[in-house]
Amino acid sequence: ANLVEKSLLHLAAEPCRKLFDLIQSDFTPLSLCQDAKPFLDEIAKGELFDGQLVTYITPLKQIIFFRLMKQLSEVYSNMTIENFEAAASIVPFSIAEKW
């Protein structure tokens, strides 16, 4: 929000801008993680800013995962583990349940 207010978002690398847009504005609970994956993969390559953004992959996945949880809770009252694992595909279930 402050990035937009201060007009700083245009200075961010493209995959970061795309992730920001996806997390902040899109309501896509069943495809959020799949939509975010290409941008996370691009950041994880380490080619942006001499690899300095790679350390943010896990925190970004956590943010996306919790956004997914919030969106799912607004739409579904229950969901099978299999469907949840498919929706939360950017993180293994064994890690997600510890968050």
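The coordinates are above.
Rules used throughout
- Residues numbered from 1 in each chain as written.
- Predicted model: local features only at pLDDT ≥ 70, side-chain atom pairs only at ≥ 80, totals over all residues.
- Heavy atoms only, no water.
- Helix = DSSP H or I, 4+ residues; strand = E, 2+ residues; numbered from the N terminus.
- Expected span 1.5 Å × (residues − 1).
- Buried < 20%, exposed > 50% of the residue type's maximum accessible area, 1.4 Å probe, protein only.
- Arc of directions from axis to C-beta.
- Contact = heavy atoms within 4.5 Å.
- Core = buried A, V, L, I, M, F, W, Y, C linked by side-chain atoms within 4.5 Å.
- Disulfide = S-S within 2.5 Å.

A.B. asks: How would you sum up helix H4 (residues 57-75)? Please name residues and give values.
C.D. replies: Along its 19 residues, H4 runs 27 Å from first to last C-alpha, staying within 8% of the 27 Å computed at 1.5 Å per residue. Regarding H4, the residues found buried are Ile 57, Leu 60, Ile 64, Phe 65, Leu 68, Gln 71 and Leu 72. Each buried residue of H4 sits inside an arc of 135° when the element is viewed along its axis, so together they form one side. If you follow the buried residues of H4, they end up packed against helix H2 (14-25), helix H3 (32-44), helix H5 (81-87) and helix H6 (93-96).

A.B. asks: I'd like a description of the nonpolar core, backed by residues and values.
C.D. replies: With 21 residues, the main nonpolar core has Leu 19, Ala 36, Leu 40, Ile 43, Ile 64, Phe 65 and Leu 68 as its most contacted residues. The set of elements that each furnish at least two residues to this core consists of H2, H3, H4 and H5. Ranked by residues supplied to this core, first place goes to H4 with six residues. Here Ala 36 is in contact with Leu 19, Leu 22 and Ile 64, once residues within four sequence places are set aside.

A.B. asks: Describe the state of the cysteines, with residues and values.
C.D. replies: Enumeration over the complete set of coordinates arrives at zero disulfides. Not part of a disulfide, Cys 16 finds its nearest cysteine sulfur in Cys 33, a span of 17 Å.

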